[in-house]
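Below are the chains, spelled out letter by letter.
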Amino acid sequence: MAFVITEPCIGVKDGACMKACPVNCIEGRPGDPMLYIDPTRCIDCDVCAMVCPVFAVFPENLVPEKWAHFKDVNRDYFADGGTGAPHGSAE
Ligand code: F3S
């Protein structure tokens, strides 16, 4: 299982989760609307969820139904090899 960043992160992008993550599995570029968790690297430690000021981070099995698509949003962000490159990005 992994943790998932959801809707409340958009427009806030506090970054505390990224600083707290012990395995550096949270990424995002300056122009991205939010940060993303790589489910293949997440060790399910819960630190990111504890430090997020807007409660945007949930364990995969507890993501609210209205934000369920963020499981794919997070996973897909790393789908091109784990570099954090969004699909179709030329950056
Ligand atoms: Fe977003 Fe919360 Fe991290 S607002 S960047 S998930 S600390």
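Parameters and conventions
- Residues numbered from 1 in each chain as written.
- Predicted model: local features only at pLDDT ≥ 70, side-chain atom pairs only at ≥ 80, totals over all residues.
- Heavy atoms only, no water.
- Core = buried A, V, L, I, M, F, W, Y, C linked by side-chain atoms within 4.5 Å.
- Buried < 20%, exposed > 50% of the residue type's maximum accessible area, 1.4 Å probe, protein only.
- Helix = DSSP H or I, 4+ residues; strand = E, 2+ residues; numbered from the N terminus.
- Contact = heavy atoms within 4.5 Å.
- Salt bridge = Lys/Arg side-chain N within 4 Å of Asp/Glu carboxyl O.

Colleague: Explain the nonpolar core to me, and be specific about the residues and the numbers.
Modeller: Of all hydrophobic cores here, the largest spans 25 residues; its most connected members are F3, I5, I26, I37, C48 and V57. Elements with a minimum of two residues in this core: β1 (3–5), β3 (36–37), α2 (47–51), β4 (57–59) and α3 (70–77). No other element matches the 3 residues that β1 contributes to this core. In contact with V57, not counting residues within four places along its chain, are F3, V4, I5, I37, C48, A49 and C52.

Colleague: Now, about the pattern of salt bridges: what can you tell me, with residues and values included?
Modeller: One pass over the full model with this rule turns up 4 salt bridges. In this structure, R41 engages D38 in a salt bridge whose closest nitrogen and oxygen atoms are separated by 2.8 Å. With a shortest N-O distance of 3.7 Å, D72 and R75 are connected by a salt bridge. Taken together, the residues span about one helical turn, with D72 and R75 both in helix α3 at a distance of 3 residues. When salt bridges with common partners are traced through the structure, they connect E27, D38 and R41 into a single cluster.

Keep in mind these numbers describe shape, not what the thing actually does.
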